[in-house]
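Residues per chain, in single letters:
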Amino acid sequence: MNVADEVFELFARQGAAAYYGEAVSITEHALQTAFFAQAEAAPPALVVAALLHDIGHFVQDAPVDIADWIADARHEEVGGLWLAERFAPQISEPVRLHVPAKRYLCATDPAYLALLSPASVHTLALQGGPMSEREVALFEAESFHRQAVRVRRWDDRGKIPGLATPALADYRAMIDMAARRAPP
Ligand code: FE
């Protein structure tokens, strides 16, 4: 199966569910995150990363109701691994780092916490809270930490009920271009 087909099947099966604790579906949230990436003229790899940043929720089981989350499901690790098998690090790494990016911004940008939705504040505690000074230094040593921070900021904005965006199918060519060639 082609990677784009694989992605679209995951969205078709699970994307209509509400995005954990938010007023948009998972698919709407993904499309809005990619929409904000394109609005800033991000390179195609980063638009694909934005679109697929929560793919980890599709490939693991997490409780549907955010209030039931007693431990973080580490969807960024699962998603990062899934993407690393199919795409270059320009795509998988910002996804793997998009939750640490939230903890990073909470530690380094005083205005950031006020931007988070209630559900996102709830998961922050489960994710370990703001980074320590040492964690900030380690995060800044990651090759793709800047890209992860950009994905994170689009992610935080992509929760607007009814916002008009391109459709999932409009990203097929971009996903095809970004996907690794199948191994011989
Ligand atoms: Fe997200």
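Residues numbered from 1 in each chain as written. Predicted model: local features only at pLDDT ≥ 70, side-chain atom pairs only at ≥ 80, totals over all residues. Heavy atoms only, no water.

*Asks:* Can you tell me about the pattern of salt bridges, naming the residues and giving the values?
*Replies:* Enumeration according to the criterion identifies 14 salt bridges in this entry. Its salt-bridge partner being Arg86, residue Glu6 comes within 2.8 Å of it at the nearest N-O pair. Here Glu6 is found in helix α1 (residues 3–14), whereas its partner Arg86 is found in the loop between α4 (75–84) and α5 (89–96), with 80 residues between them in sequence. Here Glu6 falls in the partly exposed class, since its relative accessible area comes to 21%. The class of Arg86 is buried, set by a relative accessible area of 15%. (Salt bridge = Lys/Arg side-chain N within 4 Å of Asp/Glu carboxyl O. Helix = DSSP H or I, 4+ residues; strand = E, 2+ residues; numbered from the N terminus. Buried < 20%, exposed > 50% of the residue type's maximum accessible area, 1.4 Å probe, protein only.)

*Asks:* Which residues make up empty space enclosed by the protein, and what are the values?
*Replies:* Rolled over the atoms, a probe with the dimensions of a water molecule shows which regions are left empty. In total, this model carries 2 cavities of 30 Å³ or more according to the counting rule given. By volume, the second largest cavity is sized at about 50 Å³. In this structure, the second largest cavity is lined by Phe11, Ile26, Ala30, Leu51, Leu52, His53, Asp54, Ile55 and Phe58. Classifying every residue of the lining of the second largest cavity by side-chain character gives 7 nonpolar, 1 polar and 1 charged. (1 Å grid on protein atoms, 1.4 Å probe; cavity = no way out; pocket = protein on both sides within 12 Å on 5 of 7 lines; lining within 4 Å. Points joined across faces, edges and corners; volume = space filled by probe spheres on them. Nonpolar A, V, L, I, M, F, W, Y, C, P; charged D, E, K, R; others polar.)

*Asks:* Quick one: what's the story with the side chain of Lys159, residue by residue and with numbers?
*Replies:* Structurally, the position occupied by Lys159 is in the loop between α9 (145–157) and α10 (172–178). Since its relative accessible area comes to 15%, Lys159 is described here as buried. Of note is the side chain of Lys159, whose polar atom sits 3.4 Å from the side chain of Ser117. In this structure Lys159 touches Tyr19, Glu22, Val24, His29, Gln32, Ser117 and Ser120, once residues within four positions along its chain are discounted. (Polar contact = N/O pair within 3.5 Å; in protein donor to acceptor, adjacent residues only side chain to side chain. Contact = heavy atoms within 4.5 Å.)

*Asks:* Would you mind going over the confidence of the model for the protein chain in detail, with residue names and values included?
*Replies:* Should pLDDT be low for a region, the predicted coordinates there are not to be read in detail. Averaged over the protein chain, the pLDDT score is 90; the fraction of residues at 70 or greater is 91%. Per-element confidence in the protein chain is highest for helix α8 (residues 133–140), whose mean pLDDT is 98, and lowest for helix α7 (residues 118–126), whose mean pLDDT is 88. (pLDDT = per-residue confidence, 0-100.)

*Asks:* Would you mind going over the nonpolar core in detail, with residue names and values included?
*Replies:* A general feature of soluble globular proteins is that nonpolar side chains tend to end up buried together. Counting 36 residues, the largest nonpolar core has Leu51, Leu52, Phe87 and Ile175 as its most contacted members. Broken down by secondary-structure element, the contributors of at least two residues to this core are α1, α2 (26–39), α3 (44–51), α4, α5 and α9. When sequence neighbours within four positions are dropped, the list of residues in contact with Ile175 reads Val3, Ala4, Val7, Phe8, Val48, Leu51 and Phe87. Among the nonpolar cores identified, the runner-up in size contains 13 residues, and Leu105, Leu116, Val136 and Phe139 belong to it. (Core = buried A, V, L, I, M, F, W, Y, C linked by side-chain atoms within 4.5 Å.)

*Asks:* Now, about the environment of Gly129: what can you tell me, with residues and values included?
*Replies:* The topology assignment puts Gly129 in the loop between α7 and α8. Residues Gly129 and Lys102 lie 27 residues apart in sequence; the distance between their C-alpha atoms is 9.0 Å. Residues within four places of Gly129 in sequence aside, it is in contact with Arg103 and Leu124.

*Asks:* Outline the packing of α3 against α5, supporting the account with residue identities and numerical values.
*Replies:* It is the contact of α3 with α5, at a shortest axis distance of 8 Å, that shows an interaxial angle of 40°. Comparing the axis directions of α3 and α5 gives the class oblique. In the crossing of α3 with α5, the sense of the turn from one axis to the other is right-handed. Note on element contacts: α5 touches α3 through Gln90, Ile91, Pro94 and Val95, opposite Ala45, Leu46, Val48 and Ala49. Tallied by class, residues from the contact of α3 with α5 come to 7 nonpolar, 1 polar and no charged. (Axes fitted to C-alpha atoms, helices over the stretch in contact; angles between N-to-C directions. Parallel < 35°, antiparallel > 145°, perpendicular 65-115°, else oblique. Left-handed = near helix turned anticlockwise from the far one by under 90°.)

*Asks:* Tell me about the coordination of the iron ion, and please be specific about residues and values.
*Replies:* The protein atoms donating to the iron ion are Tyr19 (OH), His29 (NE2), His53 (NE2), Asp54 (OD) and Asp155 (OD), with metal-donor distances spanning 2.2 to 2.4 Å. Here the donor residues of the iron ion are spaced in sequence according to Y-x9-H-x23-H-D-x100-D. Taken together, the residues span a long stretch of sequence, with His29 in helix α2 and Asp54 in the loop between α3 and α4 at a distance of 25 residues. In this pair, the class of His29 matches that of Asp54, namely buried. (Donors = N, O, S within 2.8 Å, 3.2 Å for Na, K, Ca; no water.)

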